[in-house]
Amino acid sequence: MQPDRFFQQLWQDYIAMAPQAEKIQRIFRDAEGNRPLINDHVAFRTLNLDPIQLSALEPHFLAMGYQRFEPYEFPEKKLHAWSYIHTDESMPRIFLSELEVAAFSSEVQTILQQICQQIDRRRLQQADLFWAGRLWHPITWEAYQTLLRESEYAAWFAALGLRPNHFTLSVNHLQQTPTLEAVLEIVEQHHFPLNTAGGRIKGSPEVLLEQAATLADRLPIEFAHHEQHEIPTCYYEFARRYPMPNGKLYPGFVAASADRIFESTNTVSNPKK
Ligand code: NI
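Residues numbered from 1 in each chain as written. Predicted model: local features only at pLDDT ≥ 70, side-chain atom pairs only at ≥ 80, totals over all residues. Heavy atoms only, no water.

1. A word on the pattern of salt bridges
Counted according to the given criterion, the structure contains 17 salt bridges. E58 is the partner of R68 in a salt bridge, and the nearest nitrogen-oxygen pair spans 2.4 Å. Pair noted here: R68 is in strand β2 (residues 66-74) and E58 is in helix α3 (residues 54-63), with a separation of 10 residues, a long-range link. In this structure, the salt-bridge partner of E263 is R260, at a minimum N-O distance of 3.2 Å. Take R260: its relative accessible area is 17%, and that puts it in the buried class. Connected via shared salt-bridge partners are K77, D259, R260 and E263. (Salt bridge = Lys/Arg side-chain N within 4 Å of Asp/Glu carboxyl O. Helix = DSSP H or I, 4+ residues; strand = E, 2+ residues; numbered from the N terminus. Buried < 20%, exposed > 50% of the residue type's maximum accessible area, 1.4 Å probe, protein only.)

2. Structural notes on the coordination of the nickel ion
Ligation of the nickel ion by protein atoms is provided by H41 (NE2), H166 (NE2) and E237 (OE), these donors lying 2.1 Å from the ion. Between consecutive donors of the nickel ion, the numbers of intervening residues give the motif H-x124-H-x70-E. A residue pair is termed long-range when its members are at least 10 positions apart, and H166 in strand β5 (residues 164-170) and E237 in strand β10 (residues 235-241) qualify at 71 residues. (Donors = N, O, S within 2.8 Å, 3.2 Å for Na, K, Ca; no water.)

3. Considerations on the sheet that holds strand β1 (residues 39-47)
Across the sheet, which stays open at both edges, the 8 strands sit in the order β2-β3-β4-β1-β5-β10-β7-β6 with mixed pairing between neighbours. Two strands bound the open sheet, and with one partner strand each, they are β2 and β6 (202-204). Across the sheet, the axes of successive neighbouring strands diverge by a mean angle of 20 degrees, strand direction being ignored. Docked against the sheet, helix α6 (residues 152-160) engages β1, β3 (79-86), β4 (93-99) and β5, running at close to 90 degrees with respect to β1. (Pairing = 2+ DSSP bridges. Axes fitted to C-alpha atoms, helices over the stretch in contact; angles between N-to-C directions. Contact = heavy atoms within 4.5 Å.)

4. Topic: the pairing of β4
Along β4, 7 of the 7 residues are buried, which leaves the element largely enclosed by surrounding structure. Across the two faces of β4 the burial is the same, with R93, F95, S97 and L99 and I94, L96 and E98 all buried. As paired elements, β1 and β4 share 7 bridges and run parallel to each other. By the bridge assignment for β4, H41 is matched with R93.

5. Regarding empty space enclosed by the protein
A probe as big as a water molecule, rolled over the atoms, marks out the empty space that is left. One pass over the structure, following the stated rule, counts 2 cavities of 30 Å³ or more. A volume near 110 Å³ is recorded for the largest cavity. Taken together, 15 residues form the lining of the largest cavity, with F95, H166, E237, A258 and I261 sitting closest to its centre. Among the secondary structure elements, those contributing two or more residues to the lining of the largest cavity are β1, β4, β5, β10 and α8 (255-261). A total of 4 residues in the lining of the largest cavity trace back to one element, the largest contributor, which is β1. The class makeup of the residues in the lining of the largest cavity is 8 nonpolar, 5 polar and 2 charged. In this structure, the second largest cavity occupies an estimated 40 Å³ of space. In terms of lining, the second largest cavity is formed by Y144, L148, E152, A155, W156, I231, P232, T265 and T267. Broken down by secondary-structure element, the contributors of at least two residues to the lining of the second largest cavity are α5 (141-150), α6 and β9 (227-232). At 3 residues, α6 tops the list of elements feeding residues into the lining of the second largest cavity. (1 Å grid on protein atoms, 1.4 Å probe; cavity = no way out; pocket = protein on both sides within 12 Å on 5 of 7 lines; lining within 4 Å. Points joined across faces, edges and corners; volume = space filled by probe spheres on them. Nonpolar A, V, L, I, M, F, W, Y, C, P; charged D, E, K, R; others polar.)

6. A word on helix α7 (residues 180-189)
The set of residues buried in α7 consists of L180, V183, L184 and V187. Seen from one end, α7 has its buried residues packed into an arc of 95 degrees, which puts them on one side. Next to the buried residues of α7 lie α2 (19-31), β7 (209-213) and β10. Following α7 by one or two positions, H191 has its phi on the positive side, about 65 degrees. (Arc of directions from axis to C-beta.)

7. Quick word on the nonpolar core
Here is a general trend for soluble globular proteins: nonpolar side chains tend to be buried in one another's company. Counting residues in hydrophobic clusters, the biggest one holds 81 residues, and the most contacted among them are F6, L47, F61, L112 and F238. The element best represented in this core is α6, accounting for 8 residues. Grouped together as the second largest cluster of nonpolar side chains are 6 residues, L208, L209, A239 and Y242 included. (Core = buried A, V, L, I, M, F, W, Y, C linked by side-chain atoms within 4.5 Å.)

8. Considerations on α6
Counting buried residues along α6, 9 of its 9 residues qualify, which places the element largely inside the surrounding structure. Residues of α6 that are buried include every one of E152, Y153, A154, A155, W156, F157, A158, A159 and L160, and no others. In the segment just after α6, G161 is the residue with positive phi, at about 80 degrees.

So, in structure tokens, the structure goes:
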């Protein structure tokens, strides 16, 4: 699939799960006089279980011209991740993380193994996999709570499936609000709550990357036995990159910041500082 088409379709699935992102994007597009906005990166979540482990998903990115850039570790959340960059610099970076399922209780492992066993392997050949959502029957609300007690990430994934977790607006490409602080003031003026875990702004000019995120939208999602429950879905992120000594913008991620950005989908509305 051509990257342009891939990201257009991905965006449509994303704004269905994060209606706030479309509204926020419109605010900034209007402010910029309708110039197209640039995405810094798009992030996906998965499990390190067959058949949807990171190494099985990655070939789709490579086929679109992406290359592996850097690995990241999140020991507290029991995650690891890779970032991918495209030779065409207008294409967003991709951030793909994977949960180390064996690090959790046998109860959690069983739930996650059961969902993976339901996946039709033929589905994995198609790039629309990345907005396929759940490839398994809805989990029970009880199973969701069991996952949530140990990993917000696991609960999010089991309930929502494969889809973009967030898109990220590139602050560097904005002319009217070129600082992250100026961007956040506008977001707050429009009453979109921000993730304050670790402060509104994560990172600093010293680490060459500043990031911030909204709190995820909450939408009614289907669970087993025809139940619906409102849960956190997807959020919008903002990133400003700073130049390295060679003059090029820092291309990587900062694990300490990303660690707190993950908390944008926490179910508790008041994340720990
Ligand atoms: Ni991100």
